[in-house]
Amino acid sequence: MHLIWPAEHARPIDDDELERLYTYPDRERWLAVNFVASADGAVEVGGLAGPLSTPPDRKVLRLGSDLADVLLIGATTAMIEGFRGVHPDRQTLDRRRRHGLADVPPTAVVSTGRTLPADAPVITRARVPTTVLTCASVPEPTRRAWQEAGADVVVAGEDTVDPAAAVAALTRRGLRRIDCEGGPRLFGALTAAGLVDELRLTVSPLLTAGPAGRIATGPPIPPTGLRLATALAEDDTLLLRYLTPSR
């Protein structure tokens, strides 16, 4: 892995330094969003993000979850990707214990009830209880089914999930290092609410064309400038960390 930005610090780096770069700041709350996109901007291939990923991308994606208090994910993305929560191996356990973190970070799934069945793997196969962040308009039987399947259900909003209320609910539980792993609608909502502190974007060395969407979707917002914190390169993959203006 090579650090190529800031230019004055350009050099090869080892895994220990990479971990330091991706450690969450000691703040009251830090929300980092992780995405991989092709060089021509596609966020998926055949409906999945996995084909875009590369070994360097998987390395930093793992750091994102290994060093987080909680993983935040949209229900549709969780279902499409077959997400089942974090199942730590020895390396993850050692890393989390060195940083004083719980052995297994919980997952928080944002759902309005339409795409998250009670038997979803993210609920039934998780090592620790999954939090479902939902809204009051979701029928009571749906919320009860999630609870009976083992989820902790939190109502954050009336007709839709309020991103600020959802993130505040996580923070109140002491889950202040938040690793968001998509999808695009969730990223768009978090951005519109001004809740994103950091974007961790992998540019995959692929051209895909096709109808694939972008990493953030939703109502347009005023363009927001970002500050490039670090840029890394390995095996034709570009790994970028951007900070939002407040950071």
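Criteria and thresholds
Residues numbered from 1 in each chain as written. Predicted model: local features only at pLDDT ≥ 70, side-chain atom pairs only at ≥ 80, totals over all residues. Heavy atoms only, no water. Salt bridge = Lys/Arg side-chain N within 4 Å of Asp/Glu carboxyl O. Helix = DSSP H or I, 4+ residues; strand = E, 2+ residues; numbered from the N terminus. Buried < 20%, exposed > 50% of the residue type's maximum accessible area, 1.4 Å probe, protein only. 1 Å grid on protein atoms, 1.4 Å probe; cavity = no way out; pocket = protein on both sides within 12 Å on 5 of 7 lines; lining within 4 Å. Points joined across faces, edges and corners; volume = space filled by probe spheres on them. Nonpolar A, V, L, I, M, F, W, Y, C, P; charged D, E, K, R; others polar. Core = buried A, V, L, I, M, F, W, Y, C linked by side-chain atoms within 4.5 Å. Pairing = 2+ DSSP bridges. Contact = heavy atoms within 4.5 Å. Axes fitted to C-alpha atoms, helices over the stretch in contact; angles between N-to-C directions. Disulfide = S-S within 2.5 Å.

Q: Quick one: what's the story with the pattern of salt bridges, residue by residue and with numbers?
A: Where charged atoms from two side chains of opposite charge come close, those side chains can pair. If you walk through the whole model with that rule in mind, you get 16 salt bridges. Residues Arg62 and Asp66 are paired through a salt bridge, measuring 3.4 Å at the closest nitrogen-oxygen approach. Here the residue Arg62 and the residue Asp66 both occupy positions in helix H2 (residues 55-66), the gap between them amounting to 4 residues, near one helical turn. Judged by relative accessible area, which is 26%, Arg62 ranks as partly exposed. Among the residues examined, Asp66 registers a relative accessible area of 2% and is labelled buried. Across the salt bridge formed by Arg241 and Glu198, the nearest N and O atoms sit 2.7 Å from each other. Highlighted residues: Arg241 in strand S11 (residues 237-243) and Glu198 in strand S9 (residues 198-204), separated in sequence by 43 residues. Given the relative accessible area of 9%, Arg241 is considered buried. Within this structure, Glu19, Arg62, Asp66, Asp89, Arg95 and Arg98 form a network of salt bridges that share partners.

Q: If you had to explain empty space enclosed by the protein to someone new, which residues and values would you point to?
A: What the rule picks out here adds up to 1 cavity of 30 Å³ or more. Of the voids in this model, the largest cavity is the one considered here, and its volume is about 30 Å³. In this structure, the largest cavity is lined by Gly85, Val86, Val104, Pro105, Pro106, Thr107, Ala126, Arg127, Val128 and Thr130. Across the lining of the largest cavity, the residue classes tally to 6 nonpolar, 3 polar and 1 charged.

Q: Give a description of unusual backbone geometry that names residues and reports values.
A: Put simply, Trp5 and Pro6 share a cis peptide bond, and its omega is 5°. Note that the residue after Gly182, namely Gly183, is joined by a cis bond; omega there is 5°. Locating Gly183 in the fold gives a position in the loop between strand S8 (177-180) and helix H8 (184-192). We note that Ala209 has phi near 50°; this positive angle belongs to a residue other than glycine. On the secondary structure map, Ala209 appears in the loop between S9 and strand S10 (227-234). Look at Ala209 and you get exposed, because its relative accessible area is 54%. Here the phi dihedral of Asp235 falls at roughly 50°; this positive angle occurs in a residue that is not glycine. As for its placement among the helices and strands, Asp235 is situated in the loop between S10 and S11.

Q: Before we move on, could you go through the nonpolar core and cite the residues and values that matter?
A: Counting residues in hydrophobic clusters, the biggest one holds 46 residues, and the most contacted among them are Leu31, Leu72, Leu116 and Leu190. Grouped together as the second largest cluster of nonpolar side chains are 17 residues, Leu21, Leu67, Ala229 and Leu239 included.

Q: Which residues make up the sheet that holds S9, and what values go with them?
A: One open sheet accounts for 11 strands, arranged S2-S1-S10-S11-S9-S3-S8-S4-S5-S6-S7; its pairing is mixed. At either end of the open sheet lies a strand with only one pairing partner, and these are strand S2 (11-12) and strand S7 (152-155). Sheet analysis places strand S3 (residues 30-38) next to S9, joined by 7 bridges and oriented parallel. Its bridge partner lying in S9, Val33 is registered against Leu199. Along the sheet, H2 makes contact with S3, strand S4 (70-74), S8, S9, S10 and S11, crossing S11 at roughly 35°.

Q: Describe in detail the environment of Leu21, supporting the description with residues and values.
A: Secondary-structure assignment places Leu21 in helix H1 (residues 15-21). C-alpha separation for the pair Leu21 and Glu44, spaced 23 residues apart in sequence, amounts to 26 Å. When sequence neighbours within four positions are dropped, the list of residues in contact with Leu21 reads Leu3, Ile13, Thr230, Leu232 and Arg241.

Q: Can you explain the state of the cysteines? Please cite residues and give values.
A: Counted under the stated rule, the structure contains 0 disulfides. Here Cys135 stays unpaired: no disulfide links it, and the sulfur of Cys180, its closest cysteine neighbor, is 17 Å away.

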